[in-house]
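# Structure at a glance
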Amino acid sequence: MKVELKKGIYWVGAIDWNIRDFHGYSTHKGSSYNAYLVVGEKTALVDTVKAPFFEEMMGRIREVLPPEKIDYVIVNHVEMDHSGSLPLFKEALPKVEVMCSPRAEEELKLHYGGKIPLKVVKTGDILELGEKTLTFVEIPMVHWPDSMVTYVKEAKVLLPNDAFGQHIASTERFDDELGWDAIRPEATKYYANIVMPYGPQVLKALEALQGIEIEVIGPSHGIIWRKHIPEIVASYERWAKGETEKKALIVYDTMWGSTERMAKAICRGLVEEGVPTKVYRLGVSDTSDIVKEVLEARSMLLGSPTLNNGVFPSVAEFSCYIKGLRPKGRITAVFGSYGWGKGATAKALAADLQAAGMEVMEELQVQFVPDGDALNQCEELGRRVAQKIKKS
Ligand code: FEO
């Protein structure tokens with residue numbers, strides 16, 4: 001069945017029902033690799049799909065027209081979930097002209113060895129298809145330096161690749177079919193895990209797209225937006241500015257229960273002060289899901305026991321991931337237990353969170369097992385963090 005976004009613009013992507021790990025990001029609901037066919041007097045394919053899904057894409061193209069009728073392939077982004085089928089496509093249809101941004105030219109050569117002739121396009125360049133005009137706008141770092149969007153002026157359709165995506169495999173293709181409540185959590189998780197480090201670049205991209213009339217947004221993953229465009233664009237603005245809600249998150253792991261008791265006591269303090277709080281134990285919780293919560297929480301406290309005079313491995317892995325995602329401006333504190341090497345764990349955790357742009361209020365450590373006094377100190381810490389959240 002053909003999926004038409006607007007007259008002459010078709011989704012010809014592939015659905016990956018079974019992917020559960022997308023370069024370390026958990027995709028409980030699978031994903032899709034969205035490619036689009038823009039048919040005018042000439043025809044352009046905007047992006048391809050991950051290599052194993054090449055035939056699925058070709059089948060969808062054949063439902064619209066014979067692939068031999070395609071004149072151009074636009075590479076909006078080089079990452080292999082979108083460019084992976086390009087060598088196969090070019091081999092099958094050697095006459096197509098491949099267009100990409102200046103950075104994508106360099107990166108495609110580094111991926112596929114320079115065998116594919118490329119035409120470079122820059123922000124503001126247009127490609128006349130006849131009946132339809134494609135305009136290109138570079139949006140570096142949303143998601144890679146090469147990223148760009150393709151805009152179909154006559155149809156007011158924006159094809160922004162990774163921006164506004166979500167990892168969802170579904171037979172529904174449009175937001176009005178699946179519903180905002182089902183899509184929003186996946187769009188949030190996607191932004192948190194993939195786009196969060198690039199807030200300033202997202203704001204620049206949104207600025208570059210201001211004034212452009214948009215009636216449909218076809219991202220490269222998941223559901224196509226045509227009803228909830230104001231909501232998803234406003235969400236991107238909020239996330240890119242680092243706006244958060246007055247709520248807290250406690251993330252920890254534990255060896256013999258001491259750090260867990262501390263986490264629960266800190267939670268009591270926060271809740272007594274009226275701050276909504278969620279508690280996640282690493283090792284039994286999904287890291288990508290926790291990061292989704294980090295995106296919108298004003299505060300995250302991180303706790304670790306001490307192992308071999310250092311941070312517990314699951315907590316070290318989490319703090320390394322968070323350091324890369326840079327959720328700036330969050331209020332945080334570190335806590336945990338130790339046996340005989342006081343200080344190293346808390347200092348290492350605090351250093352990672354500071355490197356991520358977070359403000360570390362306090363480091364609270366307890367030797368071996370927290371007694372009543374120590375748990376009171378934890379509750380007090382929760383209260384102090386809550387007060388800071390409420391004043392912020
Ligand atoms: Fe969906 Fe950055 O690739």
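Time to look at the pairing of strand β7 (residues 36-39). Both faces of β7 are covered, namely the face carrying Tyr36 and Val38 and the face carrying Leu37 and Val39. The pairing of strand β2 (residues 9-11) with β7 spans three bridges and is antiparallel. For Ile9, the partnering residue across the bridge sits in β7 and is Val38. Sheet analysis places β7 next to strand β8 (residues 43-46), joined by four bridges and oriented antiparallel. Opposite Val38, over in β8, you have Ala44 as the bridge partner.

This part takes up the sheet that holds strand β16 (residues 216-219). Spatially, five strands are ordered β12-β13-β14-β15-β16 in an open sheet, and the strand pairing comes out mixed. Two strands in the sheet have a free side with no partner beyond their single neighbour: β12 (126-128) and β16. When strand polarity is set aside, the average angle formed by the axes of neighbouring strands in this sheet is 20°.

Our focus in this paragraph is the pattern of salt bridges. As enumerated under the stated definition, the model contains 23 salt bridges in all. A salt bridge links Glu293 to Lys292; its shortest N-O distance comes to 3.9 Å. With a shortest N-O distance of 3.4 Å, Arg383 and Glu379 are connected by a salt bridge. With Arg383 and Glu379 both in helix α13 (residues 372-391) and four residues apart, this pair spans about one turn of that helix. Its relative accessible area of 14% is what places Glu379 among the buried residues. Among the charged side chains, a salt-bridge network with shared partners connects Arg268, Glu272, Glu379, Glu380 and Arg383.

Residues of helix α4 (residues 102-112) that are buried: Ala104, Glu107, Leu108 and Tyr112. Summarising the axial view, the buried residues of α4 lie within an arc of 110°, below the 170-degree limit, and thus occupy one face. Here the buried face of α4 lies against β9 (72-75), α2 (80-83), α3 (86-92), β10 (97-100) and β11 (118-120). Among the residues trailing α4, Gly113 stands out with phi positive, at a value near 80°.

With that out of the way, let us pick up the layout of surface pockets. Each pocket or cavity is described by its volume, and for the largest pocket that value is around 290 Å³. If you trace the largest pocket, you find 16 residues lining it, with Met255, Thr306, Tyr338, Gly339 and Phe368 closest to the centre. In terms of residue class, the lining of the largest pocket is built from eight nonpolar, eight polar and no charged.

The next subject is the domain arrangement of the chain. Domain parsing of the chain yields domain 1 (3-240) and domain 2 (248-387). Measuring from the centre of the C-alpha atoms in domain 1 to the corresponding centre in domain 2 gives 38 Å. On the domain 2 side, the residues contacting the 15 residues of domain 1 number 13 residues. Surface buried jointly by domain 1 and domain 2 totals about 1200 Å² across both partners, of which 56% is contributed by carbon and sulfur atoms. Inspection of the region where domain 1 meets domain 2 yields two salt bridges. Between Arg184 and Glu296 there is a salt bridge whose closest N-O contact spans 2.9 Å. Along the contact surface separating domain 1 from domain 2 lie nine residue pairs in polar contact (both at pLDDT 80 or more). Here the side of domain 1 that touches domain 2 gets seven residues from one element, more than from any other, and that element is helix α6 (residues 180-195).

Moving on: the sheet that holds strand β19 (residues 297-303). Strands sit in the order β18-β17-β19-β22-β23 across an open sheet of five strands; the sheet is parallel. If you trace the sheet from one side to the other, it starts and ends with β18 (277-281) and β23 (359-367), each paired once. When strand polarity is set aside, the average angle formed by the axes of neighbouring strands in this sheet is 15°. With six bridges connecting them, strand β17 (residues 245-252) and β19 associate as parallel partners. Along β19, the bridge assignment pairs Glu245 with Ala297. Lying on the sheet, helix α12 (residues 344-355) is in contact with β19, β22 (331-338) and β23; it crosses β23 at an angle near 160°.

So, about empty space enclosed by the protein. Counted by the stated rule, this structure contains three cavities of 30 Å³ or more. By volume, the largest cavity is sized at about 80 Å³. By residue class, the composition of the lining of the largest cavity is eleven nonpolar, no polar and no charged.

Cut-off values and rules
Residues numbered from 1 in each chain as written. Predicted model: local features only at pLDDT ≥ 70, side-chain atom pairs only at ≥ 80, totals over all residues. Heavy atoms only, no water. Buried < 20%, exposed > 50% of the residue type's maximum accessible area, 1.4 Å probe, protein only. Helix = DSSP H or I, 4+ residues; strand = E, 2+ residues; numbered from the N terminus. Pairing = 2+ DSSP bridges. Axes fitted to C-alpha atoms, helices over the stretch in contact; angles between N-to-C directions. Salt bridge = Lys/Arg side-chain N within 4 Å of Asp/Glu carboxyl O. Arc of directions from axis to C-beta. Contact = heavy atoms within 4.5 Å. 1 Å grid on protein atoms, 1.4 Å probe; cavity = no way out; pocket = protein on both sides within 12 Å on 5 of 7 lines; lining within 4 Å. Points joined across faces, edges and corners; volume = space filled by probe spheres on them. Nonpolar A, V, L, I, M, F, W, Y, C, P; charged D, E, K, R; others polar. Domains from an automatic or database assignment. Buried area = accessible area lost by both parts, 1.4 Å probe. Polar contact = N/O pair within 3.5 Å; in protein donor to acceptor, adjacent residues only side chain to side chain.

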